[in-house]
Amino acid sequence: MIELLTPREIDLARPSGQFVANTLRDLRERTAPGTNLLEINDWAAAMISAAGARSCYVDYAPSFGRGPFGKVICTSVNDAVLHGLPHDYVLKDGDLLTLDFAASVNGWVTDSAISFVVGDSAAPEDTRMIETTERALAAGIGAAQPGARIGDISHAIGSVLKSANYQVNTQFGGHGVGSTMHQDPHIPNTGKAGRGYELRPGLLLAIEPWVMDGTSKLVTAPDGWTLCSSNGRRTAHSEHTIAVTESGPVILTQPA
């Protein structure tokens with residue numbers, strides 16, 4: 001399913017984007033060495049309740065996971081890159097953490113992810129990896145112009161990732177959002193420009209470049225959800241939800 005929102009519906013989706021963005025910002029500010037991943041999940045759940053929002057993850061049970069997910073946020077640490085199931089783990093100084101969060105407000109879903117190093121001991125290679133995904137995200141957003149194609153977004157992302165010598169996995173990537181969390185079109189993190197679905201005003205897209213150091217192969221953790229690098233090395237992931245409009249892409253999940 002591909003939904004095209006009216007300008008009015010895009011306006012109704014903006015509070016969802018602000019809630020998701022501000023929740024991630026607040027969680028990042030509260031997270032420090034000694035924070036338990038389950039605390040982060042509890043904080044996010046309290047924020048959802050206070051805002052009258054709805055979690056997109058608790059009942060989520062796709063074919064690739066051992067569902068239902070049962071938590072309200074993905075917390076991926078170090079070699080984990082996607083779908084990190086919160087568990088009893090206390091973060092240490094220097095851990096590389098990704099928070100991936102989606103919620104529904106006013107019936108509209110937005111989705112965003114941030115990666116950061118916990119504490120004050122960021123290794124240069126971790127900083128470089130995170131910044132590369134952020135640059136790839138910016139390039140992908142810049143390519144999301146009305147009349148362009150999904151392949152233009154994929155090509156822009158892949159060009160940044162490959163130029164930084166990261167291998168690109170295409171099993172998981174960006175996707176449409178709207179009244180539900182995962183919709184068509186799929187947005188691979190590399191591809192050929194000029195190919196694929198034509199971008200139209202009203203399309204909401206979650207664009208999400210992610211990389212693993214030294215590999216493109218994923219393995220699934222024993223929890224049945226968390227996806228990790230096959231070589232045990234670190235990972236990073238950045239994501240925004242945008243609206244394609246007549247005048248270009250608008251980021252809905254930019255913190256206020």
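Quick caveat: nothing in here was measured; it's all calculated off a predicted structure.

### As for the overall build of the protein
Here's step 1: Looking only at helices and strands, one finds 4 helices and 14 strands in the protein.
Here's step 2: The C-alpha radius of gyration computed for the protein amounts to 17 Å, which stays within 12% of the reference 18 Å derived for 256 residues, consistent with globular compactness.
Here's step 3: Principal-axis analysis of the C-alpha atoms gives the protein an extent of 45 × 45 × 35 Å.
Here's step 4: A buried classification covers 55% of the 256 residues belonging to the protein.
Here's step 5: A sequence separation of at least 24 residues applies to 70% of the contacts in the protein between residues at least 6 apart.

### Quick look at the environment of R195
Here's step 1: Here R195 is to be found in the loop between β7 (183–187) and β8 (204–207).
Here's step 2: Spatially, the C-alpha atoms of R195 and A148 are 8.9 Å apart, while their sequence positions differ by 47 residues.
Here's step 3: Those residues within four positions of R195 in sequence are excluded, and the remaining contacts are R149, I150 and G151.

### With respect to the UniProt feature "domain: Peptidase M24" (unreviewed entry) in the protein
Here's step 1: The UniProt record marks residues 14–246 with the feature "domain: Peptidase M24" (unreviewed entry), using the residue numbering of this structure.
Here's step 2: Across residues 14–246, helical content stands at 28% and strand content at 26%; the span's end C-alpha atoms are separated by 17 Å.

### Describing helix α4 (residues 150–163)
Here's step 1: With 14 residues, α4 extends 20 Å from end C-alpha to end C-alpha; this agrees with the ideal 20 Å at 1.5 Å per step.
Here's step 2: Turning to α4, its buried residues are I150, G151, I153, S154, A156, I157, G158, V160 and L161.
Here's step 3: Just downstream of α4, N165 is the residue with a positive phi angle, here 70°.

### Focus on the packing of helix α3 (residues 124–142) against α4
Here's step 1: Remark: α3 packs on α4, axes separated minimally by 8 Å, with the N-to-C direction vectors making an angle of 155°. As judged from the angle between their axes, α3 and α4 are roughly antiparallel. Between α3 and α4 the crossing geometry is right-handed. On α4, the residues touching T132, R135, A136, A139 and G140 of α3 are I153, A156, I157, V160 and L161.

### Details of the UniProt feature "binding site: a divalent metal cation 2" (unreviewed entry) in the protein
Here's step 1: Look at the UniProt record and you will see "binding site: a divalent metal cation 2" (unreviewed entry) annotated at D111, H175, E208 and E239. For this annotated set, covering 129 residues, all C-alpha atoms fall within 10.7 Å of each other, a compact arrangement in space.
Here's step 2: With respect to the element layout, D111 can be found in strand β5 (residues 108–117).
Here's step 3: Judged by relative accessible area, which is 2%, D111 ranks as buried.
Here's step 4: When near neighbours in sequence (up to four residues on either side) are disregarded, D111 contacts V20, Y57, D100, F101, A102, H175, A206, E239, H240, T241 and T253.
Here's step 5: At 3.3 Å, the side chain of D111 forms a polar contact with the side chain of H175.
Here's step 6: Residue placement: H175 occurs in strand β6 (residues 174–177).
Here's step 7: Excluding residues that lie within four positions of it along the chain, H175 makes contacts with D111, M181, H182, Q183, P185, I187, L204, L205, A206, E208 and E239.

Conventions we followed
- Residues numbered from 1 in each chain as written.
- Predicted model: local features only at pLDDT ≥ 70, side-chain atom pairs only at ≥ 80, totals over all residues.
- Heavy atoms only, no water.
- Helix = DSSP H or I, 4+ residues; strand = E, 2+ residues; numbered from the N terminus.
- Rg over C-alpha atoms; globule rule 2.2 N^0.38 Å.
- Buried < 20%, exposed > 50% of the residue type's maximum accessible area, 1.4 Å probe, protein only.
- Contact = heavy atoms within 4.5 Å.
- UniProt positions renumbered as here; feature names shortened; annotations may be inferred.
- Expected span 1.5 Å × (residues − 1).
- Axes fitted to C-alpha atoms, helices over the stretch in contact; angles between N-to-C directions.
- Parallel < 35°, antiparallel > 145°, perpendicular 65-115°, else oblique.
- Left-handed = near helix turned anticlockwise from the far one by under 90°.
- Polar contact = N/O pair within 3.5 Å; in protein donor to acceptor, adjacent residues only side chain to side chain.

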